[in-house]
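Topology and contacts: notes
Each chain is listed here by its residues.
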Amino acid sequence: MTGLQDRLQEAFEQFGWTRVPEVLHHHAEEAAKHNISYLEFLDKLLQEELLAKRDRYIQTRTRMANLPYHKTLEQFEFEFQPSIDERRIRDLATLRFIEHQENVIFLGPPGVGKTHLAVALALEAIKQRYTVYFTTAHDLVQTLQQADQNRTIRQKLRVFTKPRLLIIDEIGYRKMDETAAHFFIQIISERYEKGSIILTSNKSYGAWGEIFGDSVLATAILDRLLHHSTTINIKGESYRVKEKKKAGLFRPEGGERKLG
Ligand code: ADP
Ligand code: MG
């Protein structure tokens, strides 16, 4: 019997199976008790391993996607943000936009759920086995500027061009100088009609000239971004402020405490 155990263990290790060794004895007992056929028994074990493999895959891809936090569409309260048409978000969650290399842009003031929705779509995309990478606009240009100095720019460009879905968060929180804007437009151009971008910004398109310090450049960027795209304009109150109000930490008549 121990010879058999050892051989099984050895085989599981060679296959890289981790779930079957955990559930084998349970399923073997059940099979004996309930007269389950050999084929059904085998099927049960293989299904368990496949499920575990899928979980591992999703965990690894989620780690690699560099998300700032993990929140799903189910955790989003649409009632709180009536300016968002839930059907449009549900439609985006089908991920047809990724299949068609289209972009999604979330616009709106701080705290209204732009990053949350971007992350939720990212998690959905990972589940559907698309490669995903999340970055802020600031980190993107900083990474590329540094790589340019270290002569690793070719490699680093691939981080932002290769994933099927790239999320660029927080455009417009900081202005970009000329070199930063140059790297930014390079990524937008290389992904144009090749890979989807989800972008978030607190600035309306009219104000993008200011972000890039050059209205011609801003127009060129917007041209490529918006050609095949969906814009979701979120108007409304910050969710964080609502939570603070509920907790009694926020008094609108000038008596508010510092907000995080
Ligand atoms: P921003 O628009 O500034 O990117 P976030 O998406 O990061 O804001 O939202 C700020 C916080 O509030 C996050 O923790 C997010 O999960 C939460 N949040 C925002 N809107 C909603 C909502 N409608 N339902 C549930 N949580 C929300
Ligand atoms: Mg955000």
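This one's a predicted model, so the numbers in the text were calculated from it and none came from an experiment. (Residues numbered from 1 in each chain as written. Chains lettered and ligands numbered in written order. Predicted model: local features only at pLDDT ≥ 70, side-chain atom pairs only at ≥ 80, totals over all residues. Heavy atoms only, no water.)

**Re the overall build of the protein chain**
A count of helical and extended segments in the protein chain gives 12 helices and 5 strands. Computed over the C-alpha atoms, the radius of gyration of the protein chain is 24 Å, more than 25% above the 18 Å expected from 2.2 N^0.38 for a compact globule of 260 residues. For the C-alpha atoms alone, the extent of the protein chain along its principal axes is close to 75 × 50 × 30 Å. Within the protein chain, contacts between residues separated by at least 24 positions form 77% of all contacts whose residues are at least 6 apart in sequence. (Helix = DSSP H or I, 4+ residues; strand = E, 2+ residues; numbered from the N terminus. Rg over C-alpha atoms; globule rule 2.2 N^0.38 Å. Contact = heavy atoms within 4.5 Å.)

**A look at helix H1 (residues 2–15)**
Under the 1.5 Å per step criterion, the end-to-end length of H1 is 20 Å for 14 residues, consistent within 8% with the ideal 20 Å. Backbone geometry just downstream of H1 places Gly16 in the positive-phi region, at approximately 75°. (Expected span 1.5 Å × (residues − 1).)

**A closer look at the pairing of strand S4 (residues 196–201)**
Of all 6 residues that make up S4, 6 are buried, and the element is covered over most of its length. Every second residue of S4 is oriented toward a common face, with Ser196, Ile198 and Thr200 on one face and Ile197, Leu199 and Ser201 on the other, all of them buried. Across 4 bridges, strand S1 (residues 103–107) lies against S4 in parallel orientation. By the bridge assignment, Leu107 is partnered in S4 with Ser201. Here strand S3 (residues 165–171) runs beside S4; their pairing, made up of 5 bridges, is parallel. Paired with Leu166 across the strands is Ile197, a residue of S4. One crossover worth recording links S3 to the parallel S4 by way of helix H9 (residues 178–191), and it is right-handed. (Buried < 20%, exposed > 50% of the residue type's maximum accessible area, 1.4 Å probe, protein only. Pairing = 2+ DSSP bridges. Right-handed = clockwise from strand over helix to strand, strands pointing away.)

**Observations regarding the pairing of strand S5 (residues 229–233)**
Burial along S5 is one-sided: Thr230 and Ile232 are buried, while Ser229, Thr231 and Asn233, pointing the other way, are not. For S1 and S5, the ladder comprises 5 bridges, and the chain directions are parallel. Paired with Phe106 across the bridge in S5 is Ile232.

**A few points about the site of ligand 1**
As a structural note, the neighbourhood of ligand 1 is formed by 14 residues, with Tyr69, Glu77, Gly111, Thr115 and His116 the closest of them. Measuring from an oxygen atom of ligand 1, one finds a side-chain N or O atom of Lys71 at 2.8 Å. Within the side chain of Thr115, one N or O atom sits 2.7 Å away from an oxygen atom of ligand 1. In isolation ligand 1 offers 550 Å² of accessible surface; the protein chains occlude 91% of this area. In this structure, ligand 1 is accommodated by the largest pocket. Elements represented by at least two residues in the shell around ligand 1 include exactly helix H6 (114–127) and helix H12 (239–246). The leading source of residues in the shell around ligand 1 is H6, at 3 residues. Looking at the shell around ligand 1 residue by residue, the classes come out as 5 nonpolar, 5 polar and 4 charged. (Near = heavy atom within 4 Å. Polar contact = N/O pair within 3.5 Å; in protein donor to acceptor, adjacent residues only side chain to side chain. Areas by Shrake-Rupley, 256 points an atom, 1.4 Å probe, with all protein chains shown as cover. 1 Å grid on protein atoms, 1.4 Å probe; cavity = no way out; pocket = protein on both sides within 12 Å on 5 of 7 lines; lining within 4 Å. Sits in = over half its atoms within 2 Å of the grid points. Nonpolar A, V, L, I, M, F, W, Y, C, P; charged D, E, K, R; others polar.)

**Some thoughts on the nonpolar core**
Ranked by size, the top nonpolar core spans 33 residues in total, and within it Ile89, Phe106 and Ile198 carry the most contacts. For this core, the leading source of residues is H6, giving 9 residues. For Ile89, the contacting residues outside a window of four places in its chain are Leu73, Phe78, Ile84, Phe106, Leu117 and Ile232. (Core = buried A, V, L, I, M, F, W, Y, C linked by side-chain atoms within 4.5 Å.)

**A few points about the environment of Leu222**
You can see Leu222 is positioned in helix H11 (residues 215–227). When its relative accessible area of 14% is taken as the criterion, Leu222 is described as buried. Through-space distance from the C-alpha of Leu222 to that of Arg158 is 22 Å; in sequence the pair is 64 residues apart. Apart from the residues within four sequence positions on either side, Leu222 is in contact with Tyr205, Trp208 and His227.

**Description of the sheet that holds S3**
Spatially, S2-S3-S4-S1-S5 is the arrangement adopted by the 5 strands of the open sheet, whose pairing is parallel. The sheet is open, and its two edges are formed by strand S2 (132–136) and S5, each paired on a single side. On average, adjacent strands in this sheet sit at an angle of 15° to one another, irrespective of strand direction. Contacts between H9 and the sheet are confined to S3 and S4, with S3 contributing the most and set at about 150° to the helix. (Axes fitted to C-alpha atoms, helices over the stretch in contact; angles between N-to-C directions.)

**Section: the domain arrangement of the protein chain**
Segmenting the protein chain into domains produces domain 1 (2–64) and domain 2 (73–243). Inter-centroid distance (C-alpha atoms) of domain 1 to domain 2 is 41 Å. Listed as interface residues are 6 residues of domain 1 and, on the opposing side, 7 residues of domain 2. Regarding the contact of domain 1 and domain 2, the summed buried area is about 630 Å², with carbon and sulfur atoms giving 56% of it. (Domains from an automatic or database assignment. Buried area = accessible area lost by both parts, 1.4 Å probe.)

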